[in-house]
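An overview of the molecular structure
Residue strings, one per chain:
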Amino acid sequence: MHANRVATLGQLSASIAHEVNQPIGATLNNASAALHWLSKEPVDLEKARTALNRIFANGNRVSEVIGRMRALFKKAPLRKEDVEGLPLIRGDRVQLQQVIMNLIVNAIEALTSVCERSRELVITTAKGEPDSVLVEVRDSGPGLSSLDLERIFDAFYTTKPGGMGMGLSICRSIIEAHGGQLRAAADQLQGTTFQFTLPAQSNQAA
């Protein structure tokens, strides 16, 4: 029981650290930019103001992410609202944004090792069957092995040096909490495709 509690605490801590790391990094970058524009001669107040507004926005994002993470682990009811798409779905906008951002960042990181061919990141949305919305993020990176595909959604399993292996585990939890599914597939020639489906609004009402 003690080992389980320690493991759960570690998983929660890693989850929060993973999700807040990006907006904190953006905050530091914008703070550096603001100091730069304020030290110019003459001072560029407009660019400094833009950087400060981004700091404010990222601070709000950290607060929202932590609040949604707490709700997710407490299994609190999802805060659902209309999310525009084809067709309409209902979901937690911030949590779904987390999922899409994680998939995009992962794809970009996979593309950094590509030198001999074009780097492609394709994001598509479509109507899924039956009565669902399909979102796909596909990259032309090095792809994943069959072993990676089997374990890629396991907590603490990572293919990235220095990675914590929490991002995709969190993504799957969020999508499943919305009544959907998240899958990964290796393309035959190159790259990886991540797909998730979410039930359409009419299906949820039924």
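Everything below is about the structure printed above this text.
Here goes a summary of the coordinates provided. (Residues numbered from 1 in each chain as written. Predicted model: local features only at pLDDT ≥ 70, side-chain atom pairs only at ≥ 80, totals over all residues. Heavy atoms only, no water.)

1. Overview of a nonpolar patch on the surface
For the record, the criterion: Residues form patches when they are more than 30% accessible in relative terms and have no salt bridge. Like charges link within 9 Å. Nonpolar side chains (Val, Leu, Ile, Met, Phe, Trp, Tyr) link within 5 Å. All accessible-area figures derive from a Shrake-Rupley calculation using a 1.4 Å probe, and residue coverage is judged against the displayed protein chains alone. Any Lys or Arg side-chain nitrogen found within 4 Å of a carboxyl oxygen on Asp or Glu counts as a salt bridge. Secondary structure counts use DSSP, requiring at least four H or I residues in a row for a helix and at least two E residues in a row for a strand, with both numbered from the N terminus.
Together, L38, V43 and L45 make up a nonpolar patch on the protein surface, roughly 250 Å² of accessible area in all. The topology assignment puts L45 in helix α2 (residues 45-73).

2. Side note on the nonpolar core
Our working rule: The definition of a nonpolar core used throughout is a set of buried Ala, Val, Leu, Ile, Met, Phe, Trp, Tyr and Cys residues joined through side-chain atoms within 4.5 Å. Throughout, exposure labels follow a simple rule: accessible area from a 1.4 Å probe, protein chains only, divided by the maximum for the residue type, with under 20% read as buried, over 50% as exposed, and the rest as partly exposed. The criterion used for residue contact is that any of the two residues' heavy atoms lie within 4.5 Å.
Core analysis: the largest hydrophobic core is formed by 23 residues, its most contacted members being V99, L103, I175, L182 and F196. Breaking this core down by element, the ones donating at least two residues are α2, α3 (93-111), β4 (132-139), α5 (167-177) and β6 (192-199). It is α5 that provides the largest number of residues to this core, a total of five residues. Filtering out sequence-adjacent residues up to four positions away, L182 remains in contact with L103, F153, L168, C171, R172, I175, Q195 and F196.

3. Some thoughts on the environment of N29
Mapping N29 onto the fold places it in helix α1 (residues 2-39). Residues N29 and I55, spaced 26 residues apart in sequence, show a C-alpha to C-alpha distance of 8.9 Å.

4. As for the pairing of strand β3 (residues 121-128)
Side-chain direction in a regular strand flips from residue to residue, so the side chains alternate between the two faces of the sheet. Note the threshold: Two strands form a pair only when DSSP identifies at least two bridges running between them.
By the bridge criterion, eight bridges tie β3 to β4 in an arrangement that is antiparallel. Residue pairing in the sheet places V122 in a bridge with R138 of β4. Turn length for the β3-β4 hairpin, with the two strands adjacent in sequence and antiparallel, is three residues, and the turn residue D131 shows positive phi of about 50 degrees.

5. Topic: the pairing of β6
For β6, the tally of buried residues reaches seven of eight residues, placing the bulk of the element in the interior. Across eight bridges, the pairing between β4 and β6 is antiparallel. From the neighbouring strand, V137 faces β6, where its bridge partner is F194. Sheet topology places strand β5 (residues 181-186) next to β6; six bridges connect them, and they run antiparallel. What sits directly across from Q181, in β6, is T197.

6. Comments concerning the packing of aromatic side chains
In this description, an aromatic ring pair is defined by two values, namely the gap between the centres and the angle between the planes. Convention followed: Any Phe, Tyr or Trp ring, taking Trp's six-membered ring, that has another such ring centre within 6.5 Å forms a pair; planes under 30 degrees apart are called stacked, those over 60 apart edge-to-face, and the others tilted. Working rule: Lys NZ or Arg CZ, within 6 Å of ring centre, within 35 degrees of ring normal, means a charge sits over the ring.
Counting across every chain of the model gives one aromatic pair. Ring centres of F153 and F194 lie 6.2 Å apart, and the angle between their planes is 90 degrees; this geometry places the pair in the edge-to-face category. With F153 in the loop between α4 (146-151) and α5 and F194 in strand β6, this pair connects stretches of sequence that are 41 residues apart. Here F194 falls in the buried class, since its relative accessible area comes to 8%. One Lys or Arg, R172, reaches over the ring of F153 and ends 4.0 Å from the middle of that ring.

7. Focus on the side chain of N58
Within the secondary structure, N58 sits in helix α2. Residue N58 is classed as buried on the basis of its relative accessible area, which comes to 14%. Residues within four places of N58 in sequence aside, it is in contact with P23, A26, T27 and N30.

8. Some remarks on the sheet that holds β5
Stated formally: Where helices are involved, their axes are fitted lines through C-alpha atoms of the stretch in contact, as for all axes, and angles between N-to-C directions lie from 0 to 180°.
Spatially, β3-β4-β6-β5 is the arrangement adopted by the four strands of the open sheet, whose pairing is antiparallel. Looking at which strands have only one partner, the edges of the open sheet turn out to be β3 and β5. Averaged over all pairs of adjacent strands, the angle between their axes in this sheet comes to 15 degrees, without regard to strand direction. Lying on the sheet, α3 is in contact with β3, β4, β5 and β6; it crosses β4 at an angle near 20 degrees. Packing of α5 onto the sheet brings it into contact with β5 and β6, and relative to β5 it is tilted by some 135 degrees.

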